[in-house]
Amino acid sequence: MAENNLNAVKSENGGDASSNKYKVLIVDDDSMLADMLGVVLSLEGHECEVAHNGVEALDTIYKKSFDAVITDIMMPEMDGITLTKKITQLYPDLPIMVMTALIDEYSANDAVDAGASDFINKPFSNRELSLRFNMMMYNYEILCHALRDPLTNTFNRRKFSRELKKEIGRVLRYERPLSLIMLDIDFFKQINDKYGHQAGDYVLQEITRLVNKYVRKTDVLARYGGEEFVVLMPETDINGAKYLAEKLRHIIEIHNFENIEQITCSFGVAEYSSSEDEYDFIRRVDMALYAAKNGGRNKVEINPKNNHNSLK
């Protein structure tokens, strides 16, 4: 983009910058406008990528993770309303801003009904775009807090369920591996009874800290229940998941929990099979976890893809 255009954007923005930085997908068949939007948001520190139609946008979203989408309505191959519906079905928490100049044909209600978080009419100033985008992301951050467990600051079960559906959709499209680890703190009730609930909270927080050190950024760690945690592992087969589970089991076993006797965990591991839904997948992991607990605890058990019956 020409230097005078960049300077004009900087001047209109007033040098403002968001405190949080996001990865944004801009979808518009008008390359000049898409580039201008990218400049506006990049000057605030956001990382922007452009897709030129809805089909290209969906393919990009399947392959990469984004924090927000800004899409035009009138585009070839797939319009912005249809794109918004498809994105919302796959990623219900992803903020989407819809923009259009066709006020008579499309309305804010159409965009919101499709799942959009905000709607902006063309033409708009760079300043208006910046303010509307930052407000949308502020509301998104509030939602993110609602999807976290307040004690451990990991994702909660609701967020895990949404991420699981998203990753299963990716597996079915690209035939890539997806594995799940479920871990349960052994004899947790006895810890609470002997040392008190504050000590139990400390153990939950400390185990969260230990697990977080060894999971990848692409993994999803969530508190599934009282003393149960799950680790969703995209692009990971059963062997990779079992390896991590064994490492975590050992790290927790040898860790010194202050003023508390040895803590151990039991682990269940399974790899997703395309013949099952998310409930069957979780059930198989749960079966493996119960096998580990019934087998003496402080163990890792796996449930193979073709095993949909109870483990012995």
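First, a word on what this report is: a plain description of the structure on this page. (Residues numbered from 1 in each chain as written. Predicted model: local features only at pLDDT ≥ 70, side-chain atom pairs only at ≥ 80, totals over all residues. Heavy atoms only, no water.)

1. Considering the pairing of strand 3 (residues 68–72)
The buried count for strand 3 comes to 5 of 5 residues, which makes it a mostly enclosed element. Judged by which residues are buried, strand 3 turns out to be covered on both faces: Ala68, Ile70 and Asp72 on one side and Val69 and Thr71 on the other are all buried. In terms of strand pairing, strand 3 meets strand 4 (residues 96–100) through 4 bridges, oriented parallel. The residue bridging Val69 from the neighbouring strand is Ile96, located in strand 4. (Buried < 20%, exposed > 50% of the residue type's maximum accessible area, 1.4 Å probe, protein only. Helix = DSSP H or I, 4+ residues; strand = E, 2+ residues; numbered from the N terminus. Pairing = 2+ DSSP bridges.)

2. Structural notes on the packing of helix 3 (residues 54–63) against helix 7 (residues 157–174)
Between helix 3 and helix 7, whose axes approach to 10 Å, the crossing angle comes to 110 degrees. When the axis of helix 3 is compared with that of helix 7, the two are roughly perpendicular. The crossing of helix 3 and helix 7 is left-handed. Residues Asp59, Ile61, Tyr62 and Lys63 of helix 3 form the contact with helix 7, whose own contacting residues are Gly169, Arg170, Arg173 and Tyr174. (Axes fitted to C-alpha atoms, helices over the stretch in contact; angles between N-to-C directions. Parallel < 35°, antiparallel > 145°, perpendicular 65-115°, else oblique. Left-handed = near helix turned anticlockwise from the far one by under 90°. Contact = heavy atoms within 4.5 Å.)

3. Overview of the nonpolar core
Residues Ile181, Ile185, Val203, Ile207, Ile263 and Phe267 are the most contacted members of the largest nonpolar core, which totals 30 residues. Elements represented by at least two residues in this core include exactly strand 6 (178–185), helix 8 (188–195), helix 9 (197–214), strand 8 (228–234), helix 10 (238–254) and strand 9 (265–271). The leading source of residues in this core is helix 10, at 7 residues. In terms of nonpolar packing, the next biggest core, distinct from the first, is built from 23 residues, Val27, Ala51, Ala111 and Phe119 among them. (Core = buried A, V, L, I, M, F, W, Y, C linked by side-chain atoms within 4.5 Å.)

4. A short note on unusual backbone geometry
Residues other than glycine predominantly adopt negative phi, and peptide bonds predominantly adopt the trans conformation. Between Lys122 and the following residue, Pro123, the backbone shows a cis peptide bond with an omega angle of -5 degrees. One non-glycine residue with positive phi stands out, namely Glu77, at about 75 degrees. If you trace the backbone, Glu77 turns up in the loop between strand 3 and helix 4 (80–90). One non-glycine residue, Asn298, adopts positive backbone phi at about 55 degrees. For Asn298, the location among the structural elements is in the loop between helix 11 (278–294) and strand 10 (300–303). Judged by its relative accessible area of 18%, Asn298 is buried.

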